[in-house]
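The primary structure of each chain is shown beneath.
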Amino acid sequence: MRVLTAKQIKKVEENAFASECTEAGLMKAAGTACFHKIVKIFGDEIKNKRIAVICGNGKNAGDGFVITQLLCEIGCDAYIVLADKEPTVAEPVKYYNFAIKNNVKVYNFTENLLNCDIIIDCIFGIGFHGEPKPPFDKVFDAVNNSPAKVVSIDTPSGTNATDGSVVNAVRADYTIAISTLKFAHILPPANAYCGKTYTVNIGIPESCYETGYAQTITKADVRRLFTERDKNSNKGTFGHQLNICGSYLMPGAAVICGEASLKSGAGLVKCAFPKSIYPVMTSHMIQPIFKPLCENEEKTLSMGALNDVTDELKWADSVVIGCGLGNNDDIQVIVDQVIKTSEVPIVLDADGINAIAPFIDIIRDKKAPVVMTPHPGEMARLIGESIDYVQSHRAEVAKAFAAENNVILVLKGANTVVTDGNEVYFNTTGNPGMAMGGTGDMLSGMIGAFIAQNMTPFDAAKAAVFIHGYTGDICASELSQRGMTVEDMISLLGAVLSEFENRD
């Protein structure tokens, strides 16, 4: 699904107006589509609800006037609340006058009018930016203090549709995006104001859209990446995956990565690790090939392991390096050499990223594609900025870094960004229950396994990110966000994959 800026969606609407669409017609279509979605959200009980449709004086109010009229037609106790003053723009005025003609109740804003069951927020649309001025700041506060369920139309009023910034905004339980998602639905902090987001089609012709938009990763897109397995396959058919992970202090990262690789379908998985964690590795996994290697006094891999590591690269179809690896001079040398010598795609995670952060130009010496999977803190170190900066510029930061360094960049976090420096994808699966140690190690193992099975690195990253979050969502629904663990997710992963590879 497309994700557009305010400027982009306005251009789409201009293209529509240049065809057979009118602004008034699209406004009515938007209000009608949102009305139907609201009825679907609340069901038959909506006729027993008291509903305040709070409107500004711009074009977004027009949607609200249409919605209120339609709610009244089905017998709802719905009324218009003017946040400031009556509309002055022609199209909203048309539907405002029509609502009044049909006896829809209209009130000027007072807080007691929000003592209702449902508030429909039509105060500001996608053109809003900055800080709400009086009286809108007080209106926002009143909406947020109301016990009513809040439905925002297009974007929550007060959020910036283009960059996701917020000073003060309506906090919605549901947001109904018109035509496409906007960046406010995806980027923090605005995404936290949206609640559950739906998208409605208002009939804009497909020809009105251009190319090059950001996209969300969809289940249908991911399913297309899983081809049927050949009946005459053998263990070598589905790839050799080499995981260079783990240290004495973080053996679990290597275990999680290895288990995720196996559960994601890699034919042969080889785990290379410091020899002191051999008991941990073998007590938790029996299926991989184990490669214990020389270690230093810190019980991380030592430079003495370098020849063995580079030899193993010749065996591999994909390499994951960094999960729980530690960070010292030895690790920096090993990561450097893997990047420079591997002829198969590399997934660079965690301490692999930390190892090259001071010497980022190393990444340009690669022979094969590299997928980097930083969390916001690691991304901040890579570009020399603050975490706040990264979080407020997620798409731009990820795309620019990927383009400059010719890598696939997976910027983790809520609505993970996946980009090759040209195309940008956002993931919409996942939940706060996944905010725990180990989920990143699991993701890296999955990406490596999909690459080993002949997905392109970009496709592998998109597929793994989506399925990883989807698995987390199922875990949260079956257990709880607080009670779920990475082990729960890995245990479920094999069954989840049946939804993607099953062709029946």
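Everything below is about the structure shown above.
Caption draft 1: Examining the pattern of salt bridges more closely. All chains considered together, the criterion is met by 17 salt bridges. Notably, a salt bridge pairs E23 with K59, separated by 2.5 Å at the nearest N-O pair. Note that E23 is positioned in helix α2 (residues 23–42) and K59 in helix α3 (residues 59–73), a separation of 36 residues in sequence. As a salt-bridge pair, E312 and K291 come within 3.5 Å of each other at their nearest N and O atoms. Of the two residues, E312 sits in helix α9 (residues 306–313) while K291 sits in strand β13 (residues 289–293), which places them 21 residues apart along the sequence. Put simply, R50, D77 and K105 are held in one network by salt bridges that share partners.

Caption draft 2: Layout of α9. Every buried residue of α9 is listed here: L306, V309, E312 and L313. Along the axis of α9, the buried positions cluster into a sector of 130 degrees, meaning they face one direction only. Where α9 is buried, its residues contact β11 (240–244), β12 (268–274), β13, β14 (318–321) and α10 (329–341).

Caption draft 3: Representation of a nonpolar patch on the surface. Where nonpolar side chains cluster on the molecular surface, the patch consists of Y248, L249 and M250 and spans about 360 Å² of accessible area. Residue class for L249 comes out exposed when judged on its relative accessible area of 75%.

Caption draft 4: How the structure looks around the sheet that holds β14. Taken together, twelve strands build an open sheet; the order of strands is β8-β1-β10-β19-β18-β17-β16-β15-β14-β11-β12-β13 and the sheet is mixed. Each of the sheet's edge strands pairs with one partner strand only, and the pair in question is β8 (181–182) and β13. Where β11 and β12 come together, five bridges link them in parallel fashion. Among the inter-strand pairings, L242 is bridged to a residue of β12, identified as K270. Across the sheet, helix α7 (residues 251–263) touches β11, β12 and β14, and the angle it forms with β11 is around 165 degrees.

What counts, and where the lines are drawn
- Residues numbered from 1 in each chain as written.
- Predicted model: local features only at pLDDT ≥ 70, side-chain atom pairs only at ≥ 80, totals over all residues.
- Heavy atoms only, no water.
- Salt bridge = Lys/Arg side-chain N within 4 Å of Asp/Glu carboxyl O.
- Helix = DSSP H or I, 4+ residues; strand = E, 2+ residues; numbered from the N terminus.
- Buried < 20%, exposed > 50% of the residue type's maximum accessible area, 1.4 Å probe, protein only.
- Arc of directions from axis to C-beta.
- Contact = heavy atoms within 4.5 Å.
- Patch = residues over 30% accessible without salt bridge, like charges linked within 9 Å, V, L, I, M, F, W, Y side chains within 5 Å.
- Areas by Shrake-Rupley, 256 points an atom, 1.4 Å probe, with all protein chains shown as cover.
- Pairing = 2+ DSSP bridges.
- Axes fitted to C-alpha atoms, helices over the stretch in contact; angles between N-to-C directions.

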